[in-house]
Amino acid sequence: GMFGTWSAGAGSSGAADTPVNDLVLAYILFSLAIPPLVMWIYQMVFFGIAWYTCRYHLHRPKSLADMSGSLPGVSIVKPLMGIDTFLEGNLESHFTLQYPKYELLLCVQDEQDPVIGLVNNLRERFPNVDCRLFIGGKDGIVNPMVHNMVPAYENAKHDLVWVSTSRIRASTPILMDLVARAVQDPTVAIVHQLPFMRNDSVHGMAAIVEKVAFGCNLGKQYLSLSQLGTHIFTGMSYLVRKPYLDKVGGLAYYGRYLAEDFCLSRDLLISGYQLVLSAFPAEQMVATASLPSYKDRMVRWWRLRLSMMPVVTLVLEPLTESLLLGAYTSWAVYYLFDVNPYYAMLVHLAVWIVLDYAQLKRIQNGPLPFSFPAFLAAWWLRELLNWIVYAQGLANPRRVFWGRSTYKLQHGGLTTAVTSKPSVPM
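Criteria and thresholds
Position numbers for residues start from 1 in each chain and track the written sequence from start to end. Local features in a predicted model are, by the rule used here, given only for residues with pLDDT of at least 70; side-chain atom pairs are given and counted only at 80 or more, and totals for whole chains, interfaces and linings are based on all residues. Only heavy atoms go into the side-chain values, all of them from the structure, while hydrogens and water stay out. UniProt positions are given in the numbering used here, feature names are shortened, and annotations may be inferred rather than shown by experiment. Here the limits of each domain have been adopted from an automatic or database domain assignment. For this analysis, residues touch if any pair of their heavy atoms sits within 4.5 Å. Each of two parts loses accessible area, computed with a 1.4 Å probe, when they are put together; buried area is these two losses added. Note on definitions: salt bridges are taken to be side-chain nitrogens of Lys or Arg within 4 Å of carboxyl oxygens of Asp or Glu. Side-chain rings of Phe, Tyr and Trp, where Trp is taken by its six-membered ring, are said to pair if the distance between their centres is within 6.5 Å; with planes under 30 degrees apart they count as stacked, over 60 as edge-to-face, and otherwise as tilted. For the purposes of this entry, the term helix denotes a DSSP run of H or I that reaches at least four residues, the term strand denotes a run of E that reaches at least two, and both are numbered from the N terminus. Residue exposure (1.4 Å probe, protein chains only): buried if accessible area is under 20% of the type maximum, exposed if over 50%, otherwise partly exposed. A ring is considered to have a charge above it if a Lys NZ or an Arg CZ atom is located within 6 Å of its centre and within 35 degrees of its normal. Any two strands with at least two DSSP-identified bridges between them are counted as paired. Lines fitted to the C-alpha atoms define the axes, with helices restricted to the stretch that makes contact. Angles between their N-to-C directions range from 0 to 180 degrees.

Looking up the protein chain in an unreviewed UniProt entry gives the name ceramide glucosyltransferase, with the organism given as Macrostomum lignano. Turning to the protein chain, the UniProt annotation filed under Sequence similarities (unreviewed entry) states: "Belongs to the glycosyltransferase 2 family." Per UniProt, the protein chain carries the Subcellular location (unreviewed entry) text "Membrane".

Structure (C-alpha cells):
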C-alpha cells in the first residue's frame, strides 16, 4: 500500500525494501538536525555584532562640547536601603559630578535606616549640591524599588531623570554621554547602560562569576540586540525623558510589575520612541557577592522573563547557552556529516570560550582583575549554575522572592505581594 513500503519501481539499490516509517524517522531526524546549526550560526553572528558594538560604540562617548552653554538639567533618582562597603563611595561619586545643573533625589524606605546618617554627612560635606531626601515611598505600589522611587520621580525638577540604583557608581563622563545621547534626537526616550561590574569590586570567585555573567552571555545578547534596535533593557542605570514616560503612564503605573524596566521600555518602544545604548557599561559595585545570592538573583530574573516572554525564555534562551547548544550541534554534525561529536563539542567549547574572553576584555577596555585560569573557572561555574537556575525557576515559576518579601507573578508580569515587608533594591 501507499503508506506501507516503497513500490519496487522506486529503485533497485535496496531502497525498495525501506519501510516508510524509516523514511519518516529520517525526515524527523533531519529536521531536528537543522535548528541547532541555524542557532549556532546565529550565535556566531551575535558574537560578531557584539564585537562591532564594542569596537565602534562602547567607550566612544558622544560630545556635548557644542552645547555647553545650554546643558539640560538632570534629576538623579537613587533608591537606597541599608549600608554596604561600597555605598559611601557610590553616593559620593554622585555628589562630585562636574555638571552645571543637576539635583540628587535620594530615596529611603524607613526613617530608621542607617543610610540616612550617611546621606546627611554627605550633604554637610557638599553643601552646594542640590540634594533632597525622600522617606517612605508611595503606597499602593507592589514593586518595592518603584514604591521607594516614585515620590522622588514625581518631584523631579528636570525633564531628564537618571535612575541610578544603589550599586551604581557615577562619573561625569557617563552623565555627559547619557545626556548627549538623549538630546541627539527627540525620539530618544531612554539611554541605558550595559550591566557590568567595576574591577575594584571584584574580590573572590563569586564576584568573578558575576563579572563573567554580565560580560559574556548577557553581554553578547545585550550588545547585539541593542545594535539591532530590538527590545533589550535593564533598569540598573538609565536616563529617561520624564514627559515621555509620563505619556505612557508614568513610573508609578509600572509599579504593578516587578520587571518595571521591561514593561515601561516596551511601552515606550511601542509608542514610537527609541532606546539607545550608552558608550559606557554600568559601573556596578557589588559588596556582598556570593554564589547563592547570584543564583537567587538569576532565578528571580528568569521567572520574571518567563512570565512575560514564555516561548523565548523556555525555548530560545536555553539554545543560546553554550553547553546545550554545543551538545545539540555536536549531535547534528555527527548525524549530517558523520563528524565525531566529541571532537565537535571540544572545538565548539574552545571557540566559544575564546570569543567570550575576547568580548569580556573589549567591554572592560583595560586589564581584567583576574587571570585567564580564574576566568575559565568562573566561566564553567556560571555555565553549571545556569542549569540549577533553570531547574529552580521551573520548579516554582510563579513565585518570586525579593529581599524579605514574596511575590506572585501572573502571565504578562503583573505582580501581587504574598508577604509585603520592606525589601532590598534589585
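Can you explain the domain arrangement of the protein chain? Please cite residues and give values.
As assigned here, the protein chain comprises domain 1 (74–193 + 236–288) and domain 2 (295–418). On a C-alpha basis, the centres of domain 1 and domain 2 stand 29 Å from each other. Taken together, the contact between domain 1 and domain 2 spans 15 residues of the former and 15 residues of the latter. Interface area, domain 1 with domain 2, both sides summed: about 1,200 Å², of which 74% is carbon and sulfur. At the boundary of domain 1 with domain 2, the tally comes to zero salt bridges.

Give a description of the packing of aromatic side chains that names residues and reports values.
On inspection of all chains with the given rule, the structure shows 17 aromatic pairs. Pairing F214 with W301 gives two aromatic rings, centres 6.3 Å apart and planes at 55 degrees, and the pair type is tilted. Here the residue F214 occupies a position in helix α6 (residues 205–215), and W301 occupies one in helix α11 (residues 291–308), the gap between them amounting to 87 residues. For the ring pair Y253 and Y254, a centre distance of 4.9 Å and an interplane angle of 85 degrees mean the geometry is edge-to-face. For Y253, a relative accessible area of 32% gives the class partly exposed. Three or more aromatic residues joined by ring pairs make a cluster, and in this case those are Y253, Y254 and Y257. The residue whose ring lies beneath R55 is Y56, and the NZ or CZ to ring-centre distance is 5.1 Å.

A description of unusual backbone geometry should follow, citing residues and the corresponding values.
Note: most peptide bonds trans; most residues except glycine with negative phi. Positive phi outside glycine occurs at D338, with the angle close to 60 degrees. Secondary-structure assignment places D338 in the loop between α13 (322–337) and α14 (341–364). For D338, a relative accessible area of 63% corresponds to the exposed category. Notably, N365 is not glycine yet its phi reads approximately 60 degrees, a positive angle. We classify N365 as exposed; its relative accessible area is 51%.

Just give me the short version of the UniProt feature "transmembrane region" (unreviewed entry) in the protein chain, but keep the residues and values in it.
Following the UniProt record, one finds the feature "transmembrane region" (unreviewed entry) at residues 25–52, 306–328 and 340–358. Annotated as residues 25–52, this span is 100% helix and 0% strand, and its ends, taken at the C-alpha atoms, are 42 Å apart. Helix makes up 74% of residues 306–328 and strand 0%, with an end-to-end C-alpha separation of 23 Å.

Quick rundown of the pairing of strand β4 (residues 160–164)? Include the residues and the values.
In terms of residue burial, β4 counts as a mostly covered element, since five of its five residues are buried. Here β4 shows two buried faces, one formed by L160, W162 and S164 and the other by V161 and V163. Pairing analysis gives four bridges linking strand β1 (residues 74–80) to β4, with the strands arranged parallel. Residue pairing in the sheet places V77 in a bridge with V163 of β4. Taken together, the five bridges between β4 and strand β6 (residues 237–241) define a ladder with antiparallel strand orientation. Within the sheet, the bridge partner assigned to V163 lies in β6 and is Y238.

Give me the lowdown on the pairing of strand β9 (residues 405–409), citing residues and values where you can.
With respect to burial, β9 is a largely interior element, four of its five residues being buried. Examined bridge by bridge, strand β8 (residues 399–402) and β9 share four bridges and lie antiparallel to one another. The partner of F401 across the bridge, within β9, is T406. Connecting the antiparallel pair β8 and β9 is a turn made up of two residues, with G403 showing a positive phi of about 65 degrees. In terms of strand pairing, β9 meets strand β10 (residues 415–419) through four bridges, oriented antiparallel. The residue bridging L409 from the neighbouring strand is T415, located in β10.

An account of the sheet that holds β9 is requested, with residue identities and associated values reported.
The strand order across the open sheet built from three strands is β8-β9-β10, with neighbouring strands paired in antiparallel fashion. Sheet topology places β8 and β10 at the edges, where each strand pairs with a single neighbour. Sheet twist, expressed as the average angle between the axes of neighbouring strands with direction ignored, equals 35 degrees.

Break down helix α7 (residues 217–227) for me, citing the residues and quoting the values.
α7 sits mainly inside the fold: nine of its 11 residues count as buried. Of all the residues in α7, the buried ones are N217, G219, K220, Q221, Y222, L223, S224, L225 and S226. Buried residues in α7 make contact with α1 (20–56), β5 (188–192), α6, β7 (274–277), α14 and α15 (372–395). G229 lies just past α7 and shows a positive phi near 75 degrees.

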